Amino acid sequence: MSTRLDVMRLNCRLVTRVVAEQVFAATLDLGARLPPQLARARMVCIPILISVTRDLIDREMRGPAIARGPSINAIASSLELPFETVRRNVQKMVDIGWIAIAETGGVSLPSPMPATLADWCLDLSRRLRRAAATMEALGATDRGSLGSGTCDNSCVLAALDQFLVMASTSKHFDLRFTELFLIHLVCSASVAHLNNQPSGTTPFARADTIPHAEERAFVPLAELARMLGISRSTVYRIVSDPAYAHLFDRRGNGVRASDGFLTSATYVEALELVAGRTATLFSRVERHRCGRGCTALDHVLRRPRPWRQSPGVAQHAHAG
Ligand SMILES: [Zn+2]
């Protein structure tokens, strides 16, 4: 009998597409919610915030014994960003109350965290469940993944981990975050419609089933710039860089991932990594049992219980 891990790794293109769609929507959504002072640096602030938030939620869920946040150095090396870039942007976020630095030097979020960020986190659990439901409908995971009774906090943590897994594929491609994000976004945006295929069809799901050329739209550069909140000239510079020419197909003002990139061993390896880690994260959410850490976390997330009990209650609490 094949396990969830086998099924998801087999369907690695589909799993990554669905994960990427949710990860990018969430990332772009966070970018749109950032205070205007951070807008220009959002491609650096977003990964830092996600990394710090992930760390805080993990520590809260483990309990009060692990109270210290990561150092700036640890954040810089985990995100593969220059120390000075991270230090400067962390300071910028400290100045406006989005990040707090303890006397010990640990970087964390203020308690309670900024309301905008807390709302965004709670959306993440909905996004993760939506991704699981889409995969299930397309036959890329087992029935009832992340079913009722799973903890929202645990889903939030898993969704933040998914972002970091996607970001970690920079090692495969030797790209910086903005370039990596752009190529993943292009891959995902050019075939987003494939996830609307009827159930059980697993369209272009496996490593050896690359979407046909006619199934892959060219994404206008202007649209990419708008989605990413970066200038058109930056997008233009990346897709025109001879060093990245093998990644992209160009037509007029549109761009899509090249056949060479989509079939490359490196890309397939990244797909299998994302799919495998997603299977592991789903199983972790299902194994999770709420403890005192979860109750504490509800307060950090500005959402005292019983918001978890049912979707109806959650909606109500959200409205309040
Ligand atoms: Zn829990």
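Draft legend 1. Just the overall build of the protein, in detail. Helix and strand counts for the protein stand at 15 helices and 5 strands. A globule of 320 residues ought to have a C-alpha radius of gyration of about 20 Å, and the protein, at 20 Å, matches this closely. Looking at the protein residue by residue over its 320 residues, the buried ones come to 52%. In the structure as shown, the protein presents an accessible area of about 14,400 Å², 53% of it carried by carbon and sulfur atoms.

Draft legend 2. Molecular detail of the coordination of the zinc ion. Within the protein, Cys 151 (SG), His 288 (NE2), Cys 290 (SG) and Cys 294 (SG) serve as the donor atoms for the zinc ion, at 2.1 to 2.4 Å. Viewed at the metal, the 4 donor atoms of the zinc ion are separated by angles of 101 to 122°, and the geometry they form is tetrahedral. Counting along the primary sequence, the residues that act as donors to the zinc ion give the motif C-x136-H-x1-C-x3-C.

Draft legend 3. Geometry of the packing of helix α3 (residues 42-62) against helix α6 (residues 115-137). Relative to each other, α3 and α6 sit at 75°, their axes nearing to 12 Å. Considering their axes alone, α3 and α6 lie roughly perpendicular with respect to each other. Contacts between α3 and α6 involve Leu 49, Ile 50, Thr 53 and Ile 57 from the first element and Leu 117, Trp 120 and Cys 121 from the second. Within the contact of α3 with α6, the residues separate by chemical class into 6 nonpolar, 1 polar and no charged.

Draft legend 4. Examining the confidence of the model for the protein more closely. Averaged over every residue, the pLDDT of the protein is 87; residues scoring 70 or more account for 92%. The secondary-structure element of the protein with the lowest mean pLDDT is helix α15 (residues 311-319), recorded at 42, while helix α5 (residues 83-95) shows the highest, at 96. Taken as a whole, residues 308-320 scores under 50 in pLDDT and shows 13 contacts with residues more than four places along the chain or in a different chain. Two summary scores accompany this predicted model of the complex, namely pTM at 0.89 and ipTM at 0.99.

How each quantity is defined
Residues numbered from 1 in each chain as written. Predicted model: local features only at pLDDT ≥ 70, side-chain atom pairs only at ≥ 80, totals over all residues. Heavy atoms only, no water. Helix = DSSP H or I, 4+ residues; strand = E, 2+ residues; numbered from the N terminus. Rg over C-alpha atoms; globule rule 2.2 N^0.38 Å. Buried < 20%, exposed > 50% of the residue type's maximum accessible area, 1.4 Å probe, protein only. Areas by Shrake-Rupley, 256 points an atom, 1.4 Å probe, with all protein chains shown as cover. Donors = N, O, S within 2.8 Å, 3.2 Å for Na, K, Ca; no water. Tetrahedral: all angles 85-135°; square planar, octahedral: opposite > 155°, others 65-115°. Axes fitted to C-alpha atoms, helices over the stretch in contact; angles between N-to-C directions. Parallel < 35°, antiparallel > 145°, perpendicular 65-115°, else oblique. Contact = heavy atoms within 4.5 Å. Nonpolar A, V, L, I, M, F, W, Y, C, P; charged D, E, K, R; others polar. pLDDT = per-residue confidence, 0-100.

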